[in-house]
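One letter stands for each residue in the lines below.
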Number of protein chains: 2
Amino acid sequence: MVAGVRVGAATTVFGVSNAYGMPVVAVIGDGQLARMMQTEAIELGVETRVLAASREDSAAQVFGDVRLGDYTDLADLRAIADGADAVTFDHEHVPNEYAQLLIDAGVSVEPRPDALLYAQDKLEQRRRLSEAGLPVPAFAAIGSVADAEAFWDETDGQVCLKATRGGYDGHGVWFPATREECARLVEDLLGRDLPLMAEKKVAFTRELSAMVARNRSGEVRAWPVVESRQDGGICRVAIAPAPGLSAELARRCQDLAVRVAEGLGVTGVLAVELFEFEGETGPDVAVNELAMRPHNTGHWTQDGCVTSQFEQHLRAVLDWPLGSVDTQAPATVMVNTLGGEDDPATPMAERVAAVMRKYPQAKVHLYGKDHRPGRKMGHVNVCAGSVEEALAVAEDAAHYIIHATWKD
Amino acid sequence: MVAGVRVGAATTVFGVSNAYGMPVVAVIGDGQLARMMQTEAIELGVETRVLAASREDSAAQVFGDVRLGDYTDLADLRAIADGADAVTFDHEHVPNEYAQLLIDAGVSVEPRPDALLYAQDKLEQRRRLSEAGLPVPAFAAIGSVADAEAFWDETDGQVCLKATRGGYDGHGVWFPATREECARLVEDLLGRDLPLMAEKKVAFTRELSAMVARNRSGEVRAWPVVESRQDGGICRVAIAPAPGLSAELARRCQDLAVRVAEGLGVTGVLAVELFEFEGETGPDVAVNELAMRPHNTGHWTQDGCVTSQFEQHLRAVLDWPLGSVDTQAPATVMVNTLGGEDDPATPMAERVAAVMRKYPQAKVHLYGKDHRPGRKMGHVNVCAGSVEEALAVAEDAAHYIIHATWKD
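Thresholds applied
- Residues numbered from 1 in each chain as written.
- Chains lettered and ligands numbered in written order.
- Predicted model: local features only at pLDDT ≥ 70, side-chain atom pairs only at ≥ 80, totals over all residues.
- Heavy atoms only, no water.
- UniProt positions renumbered as here; feature names shortened; annotations may be inferred.
- Helix = DSSP H or I, 4+ residues; strand = E, 2+ residues; numbered from the N terminus.
- Contact = heavy atoms within 4.5 Å.
- Axes fitted to C-alpha atoms, helices over the stretch in contact; angles between N-to-C directions.
- Parallel < 35°, antiparallel > 145°, perpendicular 65-115°, else oblique.
- Left-handed = near helix turned anticlockwise from the far one by under 90°.
- Nonpolar A, V, L, I, M, F, W, Y, C, P; charged D, E, K, R; others polar.
- Phe/Tyr/Trp six-rings, centres within 6.5 Å; stacked < 30°, edge-to-face > 60°.
- Buried < 20%, exposed > 50% of the residue type's maximum accessible area, 1.4 Å probe, protein only.
- Lys NZ or Arg CZ within 6 Å of the ring centre and 35° of its normal.
- Domains from an automatic or database assignment.
- Buried area = accessible area lost by both parts, 1.4 Å probe.
- Salt bridge = Lys/Arg side-chain N within 4 Å of Asp/Glu carboxyl O.

> I'd like to hear about the UniProt feature "binding site: ATP" (unreviewed entry) in chain A, residue by residue, with values.
Residues and elements named next belong to chain A. The UniProt record annotates "binding site: ATP" (unreviewed entry) at Lys 122, Lys 162, Glu 199, Lys 200, Lys 201, Val 202, Glu 207, Asn 288 and Glu 289. Within the fold, Val 202 resides in the loop between strand E10 (196-200) and strand E11 (204-214). For Val 202, the residues in contact, after removing those within four places along its chain, are Pro 137, Phe 275 and Phe 277. Structurally, Asn 288 is set in strand E16 (residues 282-291).

This is how it looks when you write it as structure tokens:
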């Protein structure tokens, strides 16, 4: 039986719940990641429903079955899970105890809370990865000012403070400049009951992202490792494959991501964000962050790979075999269209049309969001014969979408 | 102004109607073509609505905004067009007088009825193409048995009778074996008030399809010409590019399709189905049918081209610049998964999973339809280094989806 899985004691046929013998997937989270899952679900013939806060949200605009509700409300979670073959997320913020209650009731929730925990809690993650012998920066739990001062001295002041939970896109991360500033900051944050950890700052040369998908049965596939360029903690550019990365180090990054996926029992897409730094014997990497869902550094796969991260995520949570991760071109570049300081007077449709005129090869993706400075509103993917060409086109195209002016 | 078009006397900015400065497209028709337009609309950030007969229809399952109604009801058409920047179709059956009333009221309806007419009425189409010097088989209007007998004699009995309107997928086409059968058939059909024409049968070696898109401003792009293989008048396989087609004849097919698009003023995707036959000086072509919408022989572009026919159709009807039609691989093959005589006991989800396991490179597309023998329920696209490889994989994969058994 191809798609049979064990649920509790009984073996049941998995994922044939709808009228056409196809599965029903409930997506919790109404952002662009859920929206782009819907694109792939439509083509696969997978039936979907989404739990959204409002009908205007990015994903809610494009699902046929929209359930309004709150992902921290158990009744709403139970309702959307009812009759679904799989429940998955476009974020990591569903309370783990509620996800576990659904699982206990026989619902297939993927990724599972015992894996998700390591994407939610940075300190637990560092401990677990470190125990597994995976490369992480030096770290410490910070329960007092004394802890912070000790870590400051140990690392010669190379201190990054992090909220162990709730941070994203650069939020919840601090870089104190002095021992005194560090102490004051820790006192303040602990006073606000924020659980803290400290990490030794990595003098990284660039950031990489190693993405894999793992299905329930344990099949794993790794996409090519990409270089990601951040701006104020927000991903702005992804370049696939990462330029100048040796085959040896690329394989090491992929193996690392596979070990994380297997070690933590992740189902679905996993992004392992990495620091690349100059080690004693050459370029080396350490884990920065984990995300257990489709990730911004994987948007390039929509146009640059046979199987996109969104299709792969659906296949993984349904325990379907994973698709080919072969690339479509020597280079693919993704550039986010982050809301600029001002919203140009030129309507978005005209900006899109201008980009299409100048660059017939550019793939414009928009999320149905209104303007807010810095907001992830869309992205542009460009495949080309070289990184230089793909990057130049994608940067210029994204610039026009954001500013209604060309780069040069 | 990038996206400005003239509507009646006034120049208006076109397609910025929604809250995000993006256009709203109303799709009339609830089949798989509308469904696959939705996939592309989501990524482009184009807002959509669909006029569907029921919530269960293929497209209605996946649109956020579904209006139940009848495409032959003027009030329903007016309601779905209200506030839309463009109205388009996934079939050619909207009454032209209603489409014209919408246009007269300032709605952008594309393709327009004065173009659509030539996809609806085979006799008008033959006359028009013939006048334009485009290659069509010998033909005649059949208003009496005498007309039919005269055409029989003229063509040495190589007669194909066609209903001038309403035929599709082999319906409305007859091949009488004798002069007497031809006369009886014509008497019967005319007695049922079916408008008729006759055409000289083409001794074709294979069928080709030349697809182009043309936007409102007149920009045209032609995809590579494909070979299409029919089964009982229904498209079953498309092979891109058509194997063994000389560059010269391929260019001639593309030029022909461009001339049809320009000559008839088609907006959107146009499929020109062609007969290839052995002419006096080598392989030659004649026009078989026209379709003014995304077409089954263009499904391969979803995975085989930078810009799919569904994205291109949306761009064209919005008067956006057209996208690159570069291919992703040396060969792409599409095989339809037409409902078999029996519906296998193996649920569809398990069939899909089996195909994914055997062929990680196969792209499975399903339309959310229940089983009916011969019904277009989905298709499989496969890109490969050679036609042979792509064809073998796509045929075997489609066979499993249909029958739950492998080909060999």
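Still more ground to cover, so stick around.
> Can you explain unusual backbone geometry? Please cite residues and give values.
For the bond from Ala240(A) to Pro241(A), the omega torsion is -10°, close enough to zero to count as cis. Take Pro241(A): it is sitting in the loop between strand E14 (234-240) and helix H8 (247-264). Phi is positive for Asp193(A), close to 60°, though the residue is something other than glycine. Relative to the helices and strands, Asp193(A) is located in the loop between helix H7 (179-191) and E10. Within the chain, Asp319(B) stands out as a residue other than glycine whose phi angle is a positive 60°.

> Tell me about the packing of helix H2 (residues 74-81) of chain B against helix H3 (residues 96-104) of chain B, and name the residues and values.
All names here are of chain B. Look at H2 against H3: their axes get within 10 Å of each other, and the N-to-C directions meet at 40°. As judged from the angle between their axes, H2 and H3 are oblique. Of the two elements, H2 crosses H3, and the hand of that crossing is right-handed. Every residue of H3 that contacts H2 at Leu 74, Leu 77, Arg 78 and Ala 81 is listed here: Tyr 98, Leu 101 and Leu 102. Classifying every residue of the contact of H2 with H3 gives six nonpolar, no polar and one charged.

> So, the packing of aromatic side chains: which residues are in play, and what are the values?
Under the definition given, this model contains six aromatic pairs over all chains. Between Phe204(A) and Phe275(A), the aromatic rings sit 4.8 Å apart at their centres with planes inclined by 20°, giving stacked as the arrangement. Here Phe204(A) is found in strand E11, whereas its partner Phe275(A) is found in strand E15 (residues 268-279), with 71 residues between them in sequence. Taking 6.1 Å as the distance between ring centres and 85° as the angle between the ring planes, the aromatic pair formed by Tyr359(B) and Trp406(B) counts as edge-to-face. Within this pair, whereas Tyr359(B) is found in the loop between helix H11 (348-358) and strand E18 (363-366), its partner Trp406(B) is found in the segment after helix H12 (387-403), the two being separated by 47 residues in sequence. Residue class for Tyr359(B) comes out buried when judged on its relative accessible area of 12%. Members of the aromatic cluster, each reached through a chain of ring pairs, are Tyr359(A), Tyr400(A) and Trp406(A). Just above the ring of Trp406(A) sits the side chain of Lys358(A); from NZ or CZ to the centre is 4.1 Å.

> Describe the domain arrangement of chain A, naming the residues involved and giving the relevant values.
Partitioning chain A into domains gives domain 1 (4-109), domain 2 (138-200) and domain 3 (204-403). Between domain 1 of chain A and domain 2 of chain A, the C-alpha centre-to-centre distance is 37 Å.

> Outline the packing of helix H1 (residues 32-44) of chain A against helix H1 (residues 32-44) of chain B, supporting the account with residue identities and numerical values.
Between two packed helices, what matters for the description is the angle formed by their axes and the separation of those axes. Two elements in contact, H1(A) and H1(B), have axes separated by 9 Å at closest approach and are oriented at 160°. Overall, the two elements H1(A) and H1(B) adopt an arrangement that is roughly antiparallel. Considering the relative orientation of H1(A) and H1(B), their crossing is left-handed. In this structure, H1(A) uses Arg35(A), Met36(A), Gln38(A), Thr39(A), Ile42(A) and Glu43(A) to contact H1(B), whose residues at the interface are Arg35(B), Met36(B), Gln38(B), Thr39(B), Ile42(B) and Glu43(B). The residue makeup of the contact of H1(A) with H1(B), split by class, is four nonpolar, four polar and four charged.

> Describe the interface of chain A and chain B, listing the residues and the values that go with them.
The extent of an interface is frequently quoted as the accessible surface area lost upon association of the parts. In this complex, chain A contributes 54 residues to the contact, which on the side of chain B involves 54 residues. Interface area, chain A with chain B, both sides summed: about 4,400 Å², of which 58% is carbon and sulfur. Its largest share of buried area at the contact with chain B, chain A owes to Tyr20(A), Glu43(A) and Met356(A), together 17% of the area lost on that side. Here chain A and chain B share two salt bridges between them. Contributions of two or more residues to the side of chain A that touches chain B are made by H1, helix H9 (301-304), helix H10 (309-317), helix H11 (348-358) and strand E18 (363-366) of chain A. No other element matches the eight residues that H11(A) contributes to the side of chain A that touches chain B. Here the residues of the side of chain A that touches chain B sort into 27 nonpolar, 15 polar and 12 charged.

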